[in-house]
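Notes for the structure review
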Amino acid sequence: LSDITWRDSFAHGALEDLLVDEHPPTAPRPLKDRLQVFQGLATFYLKYLQIFRSLEAVYDQIVHPQKRRMVRHVLDGVMGRILELKNEMVELEFSEFHYFDDVLQDLKLTPEDLEVPIPQYFVREKMRVLRDRQKMLAHVMAKGGHIEQEVSVQTMCLEEAVRVLQVCERARQGRLRHRFMKEIRQAEEEGSQAKSQTPISTLDPDQAATCIQKVWRGYSQRKRTRRERLEEMIFLGMVGQRPSVAQLKAQQVETTRRLVQEENEAEYQRALVSIKESVRAVDGPDLRETLQEQIRQWFIECRDATGKFPDFPNAEDGGSTAIFAQKTPDQVAAELAAKEEEKKRKDNINKDKKGGKDRKDQKKDKKRRSKQKKGGKEEGEEEEKGWKMPPSNFLPTVVEGNKMYKGELESSVHVKTISPQVDELMRQEVKNLKLAVDREKGKKKKKGKKGGKKVKSRSALNSTLESLYEELVLEGFLIRPLNIKLSEYIGEFSYLGTTLRQADIEPMPSLSDVRQLIALYGILPLGSQSVHQKAPLMKTLLLAGPGGVGKRMLVHALCTETGANLFNLSPRNLAGKYPGRSCLQYLLHMVFKVARQLQPSVIWIGDAEKTFYKKVPKLEKEMEPKRLKKDLVKVLKSVKPEDRVLVVGTSRRPFDADLKPFCKVYRKIILIPRPDYASRLVLWRELLCGGGARLTPNLDLSSLAKVTDGYTQGHILQAVRQVLTPRRLAQQTTRPLTAEEFIPPLARQDPVYKEEEEAFKMWYGRTPLGKKRARAAKAIEEEGESGKDKDKRGTGRKTGKEEKSKKNNK
């Protein structure tokens with residue numbers, strides 16, 4: 001409890017200080033130094049990350065229902081602000097990867113503080129829904145006899161099949177022969193030991209005592225050394241330890257506190273219902289009268305501003321709440337006036353074209369109109385160029401959530417109970433006003449009726465959600481994601497990123513950077529509805545990298561951390577299903593409809609480059625990999641900010657695709673490299689410990705990490721699985737593991753060569769973001785060269801003046 005209180009006070013104090021820095025009393029001047037701008041953004045980013053981590057822990061453990069709602073409001077605002085700052089850093093540096101070594105040092109933080117925390121409420125608060133969905137998925141699979149995991153069948157000729165059978169049979173006979181010979185050898189050793197044993201009575205008592213002391217002292221010293229070594233390794237964090245009694249008790253307290261949260265929430269909801277009923281009975285008539293007066297006043301103002309009564313919004317559009325969310329009558333009148341001016345301007349342009357007006361005059365008019373649109377800025381303001389912090393969509397949310405909780409009860413009663421009743425009355429009143437004042441509205445009513453019929457016919461044609469869900473499951477398009485956490489994607493921090501960039505060398509991103517981007521671009525927007533609506537909209541995401549770097553694992557982790565549905569629209573999965581253009585459009589409509597209804601959802605397209613092939617290979621023509629190319633672009637346009645749907649593509653050969661349409665669909669691209677030395681060292685240690693291996697001095701992990709340069713995580717995992725068989729694990733006491741045992745399985749695999757890595761770098765350099773970065777680097781170089789030339793000219797002039805002064809002195 002004290003830890004939660006400390007975190008709450010820390011987050012509140014740090015947030016107040018940050019809001020003061022975000023809203024200075026005087027408007028700051030534009031900054032011209034890009035490094036200074038990045039330092040400021042990085043400092044804000046890291047401080048918001050610390051606040052985010054503290055608020056997430058507070059929200060997870062606090063038991064007060066009203067305060068949890070307030071903390072949740074602030075938490076969503078902080079998450080959105082982090083995404084905004086990340087977007088600003090990307091636009092400033094033209095790179096998805098950033099390095100904060102110097103900022104971390106200034107703030108006295110560690111690389112672990114860069115990890116983006118994943119709120120646990122993303123999954124915990126909808127656990128019942130997820131369980132029901134899993135039961136439904138299992139029921140549909142059992143009903144249709146659907147095989148969840150596809151088994152790849154490889155065809156082979158008769159000679160190859162005979163050879164495989166021979167190899168298996170010879171291996172079986174060899175194992176039997178080895179077991180038989182092992183039993184014979186053990187029997188011979190037991191017989192020889194029985195013969196060589198000498199009677200104890202023949203030994204001298206002093207020699208026997210010395211021998212016993214020697215053995216006992218050696219055993220006790222080895223035991224003490226092992227214990228001290230284990231304590232040192234645990235202190236350094238190099239070996240995991242079993243949870244202590246205090247840790248187990250803390251976990252038990254957290255579990256109990258979550259149960260208390262559920263009980264308090266249920267009690268709070270019951271109290272809300274009873275209090276709402278009393279408020280509705282006492283204050284309901286007054287609220288109804290005031291709401292009617294406000295709506296009448298609104299329609300009168302709109303009538304005065306526009307000359308006609310506006311249509312009353314339907315219940316689906318929000319009713320009276322949509323009216324108060326709209327603009328004021330003055331704003332409506334200004335918009336109408338602007339539209340009329342634009343129409344007049346277009347008419348004048350058409351007349352001028354017909355009358356043969358000079359082009360120079362047209363250009364002058366365009367310049368004059370552009371100046372008017374800019375608001376008539378003064379010349380002094382144009383001179384002051386530089387970077388300014390753009391307006392934020394989340395800072396008002398953070399400021400509002402930082403205030404005390406108030407006014408929730410009356411607003412909820414007003415919206416849920418009184419507004420629908422008032423809307424029906426006012427809708428009828430508006431109809432009567434229109435009949436009395438605007439007699440020409442009869443035609444528009446007929447148009448409205450026609451539109452309503454169309455909606456009914458469409459809804460009648462559409463199938464139910466359950467039937468669509470069942471069809472997608474049976475056809476293999478809706479699959480069950482694997483239970484993989486993002487923390488299982490092992491990778492280390494890049495410690496040389498800032499140093500390399502200062503030396504004008506673009507470093508390869510680390511796996512830790514990739515993990516952070518998945519959390520920022522995928523998990524946080526999909527997990528929170530308010531964050532997804534206000535944050536920079538991202539509909540698509542591409543994970544590009546060589547085979548074995550964990551692209552598919554990241555897709556499954558994205559679904560696990562957010563509780564999202566997983567749809568598989570890979571070209572291989574689409575082959576032979578829903579043939580024809582109309583059937584494919586129906587499939588896409590069905591997938592995106594179910595994805596919206598059951599959001600959040602992830603639509604995975606494996607081998608995404610095949611959809612945008614420059615030229616389809618002959619072996620893949622029957623599969624028709626380019627079927628989605630045209631329809632996918634159209635469907636993505638229908639995705640709105642309120643739809644928590646993300647299309648994730650994975651590609652191991654992105655350079656085979658046509659770059660322009662490929663980057664038009666996938667706006668965000670994350671290049672996943674092969675692991676560096678630090679990541680490989682951590683990866684070897686985690687995989688070996690997870691497989692049951694004992695780490696002894698005979699197993700040199702540093703050499704293994706050095707030797708496996710160029711190998712991916714998949715290669716290392718496959719080698720570990722081949723070596724750590726149950727029989728080999730049982731032999732560790734007599735024969736410890738060595739690094740040489742892992743070399744043969746690695747030698748049978750092809751690593752990622754430098755040519756392939758350079759191909760990925762060149763391809764990424766031709767993407768829109770890569771081109772922007774190259775242009776920015778070129779501009780910086782040109783500025784540096786021009787500055788050097790000016791310095792040389794200046795120094796030359798100074799030397800000339802100095803020579804003249806010397807001559808005069810002489």
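Criteria and cut-off values
- Residues numbered from 1 in each chain as written.
- Predicted model: local features only at pLDDT ≥ 70, side-chain atom pairs only at ≥ 80, totals over all residues.
- Heavy atoms only, no water.
- Helix = DSSP H or I, 4+ residues; strand = E, 2+ residues; numbered from the N terminus.
- Buried < 20%, exposed > 50% of the residue type's maximum accessible area, 1.4 Å probe, protein only.
- Contact = heavy atoms within 4.5 Å.
- Areas by Shrake-Rupley, 256 points an atom, 1.4 Å probe, with all protein chains shown as cover.
- Pairing = 2+ DSSP bridges.
- Axes fitted to C-alpha atoms, helices over the stretch in contact; angles between N-to-C directions.
- Patch = residues over 30% accessible without salt bridge, like charges linked within 9 Å, V, L, I, M, F, W, Y side chains within 5 Å.
- Salt bridge = Lys/Arg side-chain N within 4 Å of Asp/Glu carboxyl O.
- Lys, Arg positive; Asp, Glu negative; His and termini not counted.
- Charge placed at Lys NZ, Arg CZ, Asp CG, Glu CD.
- Expected span 1.5 Å × (residues − 1).
- 1 Å grid on protein atoms, 1.4 Å probe; cavity = no way out; pocket = protein on both sides within 12 Å on 5 of 7 lines; lining within 4 Å.
- Points joined across faces, edges and corners; volume = space filled by probe spheres on them.
- Nonpolar A, V, L, I, M, F, W, Y, C, P; charged D, E, K, R; others polar.
- Phe/Tyr/Trp six-rings, centres within 6.5 Å; stacked < 30°, edge-to-face > 60°.
- Lys NZ or Arg CZ within 6 Å of the ring centre and 35° of its normal.
- Core = buried A, V, L, I, M, F, W, Y, C linked by side-chain atoms within 4.5 Å.
- Left-handed = near helix turned anticlockwise from the far one by under 90°.
- Right-handed = clockwise from strand over helix to strand, strands pointing away.
- Arc of directions from axis to C-beta.

Within an unreviewed UniProt entry, the label attached to the chain reads IQ motif containing with AAA domain 1, and the organism entered is Oncorhynchus mykiss.

For the chain, the helix and strand inventory stands at 32 helices and 6 strands. Relative to its full complement of 810 residues, the chain shows a buried share of 35%. Here the analysis covers contacts within the chain between residues at least 6 apart in sequence; of these, 85% occur between residues at least 24 apart. Carbon and sulfur atoms make up 54% of the accessible area of the chain, which totals about 51,800 Å².

Right, let's get into the sheet that holds strand E6 (residues 668-671). Reading across the sheet, the 6 strands line up as E1-E3-E4-E5-E2-E6 and stay open at both edges, with mixed pairing between neighbours. Looking at which strands have only one partner, the edges of the open sheet turn out to be strand E1 (478-479) and E6. Here strand E2 (residues 540-544) pairs with strand E5 (residues 645-651) via 5 bridges, running parallel. Bridge assignment links Thr-540 to a residue of E5, and that residue is Val-647. Here helix H31 (residues 754-765) sits on the sheet and contacts E2 and E6; the angle it forms with E6, its principal contact strand, is near 160°.

A grouping of Arg-175, Arg-179, Lys-182, Arg-185, Arg-727 and Arg-735 is seen on the molecular surface, where their side chains present a positively charged patch. At 4 residues, the largest contribution of residues to the positive patch is made by helix H7 (residues 158-196). Structurally, Lys-182 can be placed in helix H7.

With that out of the way, let us pick up helix H23 (residues 581-597). Here H23 contains 17 residues, and its C-alpha end-to-end distance of 24 Å stays within 8% of the 24 Å for a straight helix at 1.5 Å per residue. Listed as buried for H23 are Leu-584, Leu-587, Leu-588, Met-590, Val-591, Phe-592, Val-594 and Ala-595.

On to empty space enclosed by the protein, then. Following the criterion strictly, the structure yields 4 cavities of 30 Å³ or more and no others. Counted as a void, the largest cavity has a volume near 80 Å³. Lining the largest cavity are Tyr-45, Lys-86, Met-89, Glu-96, Phe-97, His-98, Phe-100, Asp-513, Gln-516, Leu-517 and Leu-520. Contributing elements (two or more residues each) for the lining of the largest cavity: helix H3 (65-93) and helix H19 (511-527). Ranked by residues supplied to the lining of the largest cavity, first place goes to H19 with 4 residues. A breakdown of the residues in the lining of the largest cavity according to their chemical character gives 6 nonpolar, 2 polar and 3 charged. Of the voids in this model, the second largest cavity is the one considered here, and its volume is about 60 Å³. Taken together, Met-508, Pro-546, Leu-671, Ile-672, Pro-673, Arg-674, Val-752, Glu-757 and Phe-760 form the lining of the second largest cavity.

Its place among the elements puts Leu-699 in the loop between helix H26 (677-690) and helix H27 (701-707). Accessibility expressed as a relative area gives 6% for Leu-699, which makes it buried. Spatially, the C-alpha atoms of Leu-699 and Glu-740 are 8.7 Å apart, while their sequence positions differ by 41 residues. Once residues within four sequence positions are removed from consideration, Leu-699 is found in contact with Leu-688, Leu-704, Leu-737, Thr-738, Ala-739 and Phe-742.

Here we take up the packing of aromatic side chains. Under the defined criterion, the tally for this structure stands at 13 aromatic pairs. Here the aromatic rings of Phe-655 and Phe-760 are separated by 5.3 Å at their centres, their planes lie at 70°, and the arrangement is edge-to-face. Residue Phe-655 is located in the loop between E5 and helix H25 (659-665), and its partner Phe-760 is located in helix H31; the two are separated by 105 residues in the primary sequence. What makes Phe-655 buried here is its relative accessible area of 17%. Residue classification places Phe-760 among the buried residues on the basis of a relative accessible area of 4%. The structure contains a cluster of three or more aromatic residues connected by ring pairs, namely Phe-612, Phe-662, Tyr-666 and Trp-763. The ring of Tyr-59 is capped by Arg-68, whose NZ or CZ atom sits 4.2 Å from the centre of that ring. Between Lys-577 and the ring centre of Phe-477, over which it is positioned, the NZ or CZ distance is 5.0 Å.

One finds Tyr-45, Val-78, Phe-100 and Ile-670 to be the most contacted residues of the largest nonpolar core, which totals 127 residues. The greatest single-element share of this core, amounting to 14 residues, is contributed by helix H2 (residues 34-61). Discounting chain neighbours no more than four positions away, the residues touching Tyr-45 are Ile-82, Leu-85, Lys-86, Met-89, Phe-100, Val-116 and Leu-520. Counting residues in hydrophobic clusters, the runner-up holds 21 residues, among them Ala-705, Tyr-711, Ile-716 and Ala-739.

So, about the side chain of Lys-610. Structurally, the position occupied by Lys-610 is in the loop between strand E4 (601-606) and helix H24 (628-637). Looking at Lys-610, the relative accessible area reads 8%, which means it is buried. Once residues within four sequence positions are removed from consideration, Lys-610 is found in contact with Pro-571, Arg-572, Glu-620, Met-623, Pro-625 and Lys-626.

With that settled, the discussion passes to a nonpolar patch on the surface. Together, Phe-180, Met-181 and Ile-184 make up a nonpolar patch on the protein surface, roughly 270 Å² of accessible area in all. Along the polypeptide, Met-181 turns up in helix H7.

Right, let's get into the pattern of salt bridges. One pass over the full model with this rule turns up 18 salt bridges. With a shortest N-O distance of 3.0 Å, Arg-581 and Asp-631 are connected by a salt bridge. Residue Arg-581 is located in helix H23, and its partner Asp-631 is located in helix H24; the two are separated by 50 residues in the primary sequence. For Arg-581, a relative accessible area of 43% gives the class partly exposed. Note on Asp-631: relative accessible area 4%, which makes it buried. Several salt bridges share partner residues, and in doing so they unite Arg-68, Arg-72, Asp-76 and Glu-125 into one network.

A contiguous patch of negative charge on the surface is contributed by Asp-504, Glu-781, Glu-782 and Glu-783. Within the fold, Asp-504 resides in the loop between helix H18 (497-502) and H19.

Before going further, it helps to examine the packing of helix H17 (residues 465-474) against H23. For the pair H17 and H23, interaxial distance at closest approach is 10 Å and the crossing angle is 115°. In this structure, H17 crosses over H23, and the sense of that crossing is left-handed. Of the residues in H23, those touching H17 at Leu-465, Leu-468, Tyr-469, Glu-471 and Leu-472 are Tyr-586, Leu-587, Met-590, Val-591, Lys-593, Val-594 and Gln-597. Tallied by class, the residues present in the contact of H17 with H23 amount to 9 nonpolar, 1 polar and 2 charged.

The next subject is the pairing of E5. Within E5, 7 of the 7 residues are buried, which leaves the element mostly enclosed by the surrounding structure. Alternating residues of E5 divide into Val-645, Val-647, Gly-649 and Ser-651 and Leu-646, Val-648 and Thr-650, and every residue in both groups is buried. Pairing analysis gives 6 bridges linking E4 to E5, with the strands arranged parallel. The residue bridging Ile-605 from the neighbouring strand is Gly-649, located in E5. Read from E4 through H24 to E5, the crossover connection turns out right-handed.

Considered for burial, the residues of H24 that qualify are Leu-628, Asp-631, Leu-632, Val-635 and Leu-636. Buried residues in H24, looked at end-on, bunch into an arc of 135°, giving them a common side. Every exposed residue of H24 that faces more than 90 degrees away from the buried side is listed here: Lys-630, Lys-634 and Lys-637. Where H24 is buried, its residues meet E2, helix H22 (571-574), H23, E4, E5 and H25.

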